[in-house]
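# Commentary on secondary and tertiary structure
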Amino acid sequence: MRSHRGALVCRTFTVRFSHPQADVLVPGGAAPEAALRRVTHLCVAAHADDIEIMAQSGISDCIDAPGKAFGGVVVTDGAGSPRSGPYASYTDERMIATRREEQRAAARIGGYAIQVQLAHTSADVKASGHPGVAADLAALFAGCAPEVVFLHNPADKHDTHVAVLMRCLEAIRLLPPGRRPARVLGCEVWRDLDWLADADKVALDSGRHPDLAKKLLEAFDSQIAGGKRYDLAAAGRRSANATFNASHATDGASGITWAVDLTPVTRDGGPSIEAFVASLVGRFGSDVALRLARFA
Ligand SMILES: [Zn+2]
């Protein structure tokens with residue numbers, strides 16, 4: 001296992017991330033740049049534990065298929081997280097360190113190719129045009145060629161999640177068209193996506209490897225110790241999504257994470273994210289109104 005504080009380093013290539021507390025873990029021990037380059041499934045999330053809530057299907061894909069590699073990126077330092085129980089007296093600094101170690105543990109448990117924690121404050125991520133955030137995300141997206149990228153969804157109700165999504169979309173759009181990820185998905189964390197019209201839903205099979213999924217969610221003890229059982233909630237949502245799904249397109253998955261395909265937004269000439277989301281909400285509204293009208 002190899003860890004580099006603040007930098008991706010190998011013999012021929014160095015990316016230095018902007019925050020001095022940025023953290024890179026390569027559980028398999030390869031050079032970080034090489035580990036990043038072989039990532040096929042990339043998740044860029046706001047906080048430690050978001051990856052394990054939203055991208056279980058990608059983690060499973062990489063475990064199941066030789067040659068696939070999962071990469072995790074956490075953009076913020078998690079300083080503002082609520083704390084209770086044994087963590088109630090923790091300072092922000094100690095909480096940051098704890099969450100970083102929990103994320104590193106999850107990366108080892110999940111067999112990730114690489115785990116990067118950029119350690120930005122939420123305020124810096126929310127500031128459009130912050131040069132450090134932009135440079136770090138540009139370096140990460142330029143350093144790999146994933147077939148699928150898991151991001152937060154644009155209807156999420158957590159401000160930092162939406163800000164991270166916006167910064168990621170900006171970074172992807174700045175890549176040359178031929179270097180942009182083949183598929184970009186927005187996944188549910190804070191606010192689910194069950195409300196999407198069925199045609200707008202992407203079903204991610206998160207029911208595989210349930211024991212691993214449980215261990216991954218339980219790695220974040222500082223987040224669940226105070227009674228916020230994200231581990232149970234995430235597992236329950238996956239199960240509920242599978243049970244209440246009317247579509248036949250899921251091959252009987254025991255767990256589903258809903259996502260929306262954001263790829264059109266990343267393409268030249270594609271819709272703005274605002275217009276894209278407005279059309280999703282419009283189709284949801286029409287579906288409800290039409291059903292009511294049928295039985296009026
Ligand atoms: Zn989060």
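## Some remarks on the pairing of strand S5 (residues 41-45)
Within S5, 5 of the 5 residues are buried, leaving the element largely enclosed by the surrounding structure. Both faces of S5 are covered, namely the face carrying His41, Cys43 and Ala45 and the face carrying Leu42 and Val44. Strand direction decides the pairing type here: S5 and strand S6 (residues 70-76), joined by 5 bridges, are parallel. Paired with leucine 42 across the two strands is glycine 71, which belongs to S6. As paired strands, S5 and strand S8 (residues 148-152) are joined by 3 bridges and run parallel to one another. Bridge assignment links cysteine 43 to a residue of S8, and that residue is phenylalanine 150.

## With respect to the pairing of strand S9 (residues 184-187)
Burial along S9 is two-sided: the face carrying Val184 and Gly186 and the face carrying Leu185 and Cys187 are both buried. Here S8 pairs with S9 via 4 bridges, running parallel. Bridge pairing in S9 places leucine 151 opposite glycine 186. On the question of chirality, the crossover connecting S8 to the parallel S9 by way of helix H7 (residues 159-173) is right-handed. As judged from the 3 bridges shared by S9 and strand S11 (residues 256-261), these two strands associate in the antiparallel manner.

Procedures and definitions
Residues numbered from 1 in each chain as written. Predicted model: local features only at pLDDT ≥ 70, side-chain atom pairs only at ≥ 80, totals over all residues. Heavy atoms only, no water. Buried < 20%, exposed > 50% of the residue type's maximum accessible area, 1.4 Å probe, protein only. Helix = DSSP H or I, 4+ residues; strand = E, 2+ residues; numbered from the N terminus. Pairing = 2+ DSSP bridges. Right-handed = clockwise from strand over helix to strand, strands pointing away.

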